[in-house]
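Each chain, written out:
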Amino acid sequence: METHIEAELHGLRDKLIVMAGHAKAAVNDAVQALSSRDGELARRVVENDRILDEIEMEIDDFVIQHLTKAPLATDLRLVTQAMKISQNLERIGDEATKIARRSHDLHKEPLVNAKIELPRMAELAMDMLADAVNAFNNRDSALARSVLPRDKEVDRLNKQNQRTLTQQMIDNPASIDSFLRLIDASKSLERIADHATNIAEDVVYLCQAEDIRHSGAKDAPLST
């Protein structure tokens, strides 16, 4: 029979999964708003950011109240890592909101032909986030570790985008504002990938009690 603390911890896990679902939806909608120049969708992303803020505060309250109630080391890891994961999910929501704001501004301006890898970057960042969340849900440390090396490709694409957009600003000074907004969107996607990486590292610690944040795991090649 499930104890009271076990039921509460299950509730904590469920709350994190719900929060992760909102974060993934926010990123997906923000990217969609950017690609389709959908100002209404961008507005909804901004408005819905409060949901993530509210869930993060609920998780913080739970952690503060239950740190002294978890008798097992595995339970303590879940409680402490839950706070860290929720913080990263909330920050992912913040970055999605930034993308939505840039999208809302861009749809009011003339369309620019920005030759950048934003769609590919968005796909990679969203896949990393989805796998990090699935790794938490399934306690899959191998899947969590597979997220880490992908961050380098997102970083590379962001740097490439920055160079390309900077040159386009020089070539098309009348569209500088639009290019700057795309630079901001690219930076936000890079940060989303960083937060997904942080979540994956937290999952490894949750599953194996191994702190890999400074172990060089990001540089390890993907297994074949």
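Above this text is the structure in question.
Conventions we followed
- Residues numbered from 1 in each chain as written.
- Predicted model: local features only at pLDDT ≥ 70, side-chain atom pairs only at ≥ 80, totals over all residues.
- Heavy atoms only, no water.
- Helix = DSSP H or I, 4+ residues; strand = E, 2+ residues; numbered from the N terminus.
- Buried < 20%, exposed > 50% of the residue type's maximum accessible area, 1.4 Å probe, protein only.
- Axes fitted to C-alpha atoms, helices over the stretch in contact; angles between N-to-C directions.
- Parallel < 35°, antiparallel > 145°, perpendicular 65-115°, else oblique.
- Contact = heavy atoms within 4.5 Å.
- Nonpolar A, V, L, I, M, F, W, Y, C, P; charged D, E, K, R; others polar.
- Salt bridge = Lys/Arg side-chain N within 4 Å of Asp/Glu carboxyl O.
- Left-handed = near helix turned anticlockwise from the far one by under 90°.
- Core = buried A, V, L, I, M, F, W, Y, C linked by side-chain atoms within 4.5 Å.

1. Observations regarding the environment of D61
Relative to the elements of secondary structure, D61 occurs in helix 2 (residues 39-66). Its relative accessible area of 44% is what places D61 among the partly exposed residues. Along the chain, D61 and M83 lie 22 residues apart, while their C-alpha atoms are 9.5 Å from each other.

2. As for the packing of helix 1 (residues 4-36) against helix 4 (residues 118-138)
Geometry of a packed helix pair, given as the angle between the helix axes and the separation of the axes. Across the interface, helix 1 lies against helix 4 with an axial gap of 11 Å and an inter-helix angle of 170 degrees. Between helix 1 and helix 4, the angle is such that the two are roughly antiparallel. Contact with helix 1, carried on its side by R13, L16, I17, A20, A23, K24, V27, N28, V31 and L34, involves L118, A122, M126, L129, A130, V133, F136 and N137 of helix 4 and no other residues of that element. Of the residues in the contact of helix 1 with helix 4, the class split is 14 nonpolar, two polar and two charged.

3. Some remarks on the pattern of salt bridges
Under the criterion given, the structure shown has 14 salt bridges. A salt bridge links E123 to R120, with the shortest nitrogen-to-oxygen separation between them at 3.3 Å. Placement of both E123 and R120 in helix 4 is noted, with a separation of three residues, approximately one turn of the helix. For E123, a relative accessible area of 39% puts it in the partly exposed group. When its relative accessible area of 36% is taken as the criterion, R120 is described as partly exposed. We note a salt bridge from R150 to D131, for which the minimum N-O separation is 2.9 Å.

4. Describing the packing of helix 4 against helix 7 (residues 176-208)
Between helix 4 and helix 7, the shortest axis-to-axis distance is 9 Å and the interhelical angle comes to 20 degrees. With respect to helix 7, the element helix 4 is oriented roughly parallel. In the packing of helix 4 onto helix 7, the handedness of the crossing is left-handed. Of the residues contributing to the contact of helix 4 with helix 7, the split by class is 19 nonpolar, two polar and one charged.

5. Remarks on the nonpolar core
By size, the foremost hydrophobic cluster in this structure holds 65 residues, and its most contacted members are L89 and L182. Sorting the residues of this core by element identifies helix 1, helix 2, helix 3 (73-106), helix 4, helix 5 (141-147), helix 6 (150-171) and helix 7 as the ones contributing at least two each. Leaving out residues up to four positions away in the same chain, L182 has contacts with L34, L106, V112, A114, I116, L118 and L165.

6. What to know about unusual backbone geometry
Glycine aside, a negative phi is what most residues show, and trans is what most peptide bonds show. Phi at R37 takes a positive value of approximately 55 degrees, unusual for a residue other than glycine. By relative accessible area, which is 28% here, R37 ends up partly exposed. The phi dihedral of R139 is positive, around 50 degrees, even though this residue is not glycine. Residue placement: R139 occurs in the loop between helix 4 and helix 5. For R139, a relative accessible area of 31% translates into the label partly exposed.

7. Things to note about the environment of R44
Summarising the element assignment, R44 is placed in helix 2. A residue is classified by how much of its surface remains accessible, and R44, at 38% relative accessible area, is partly exposed.

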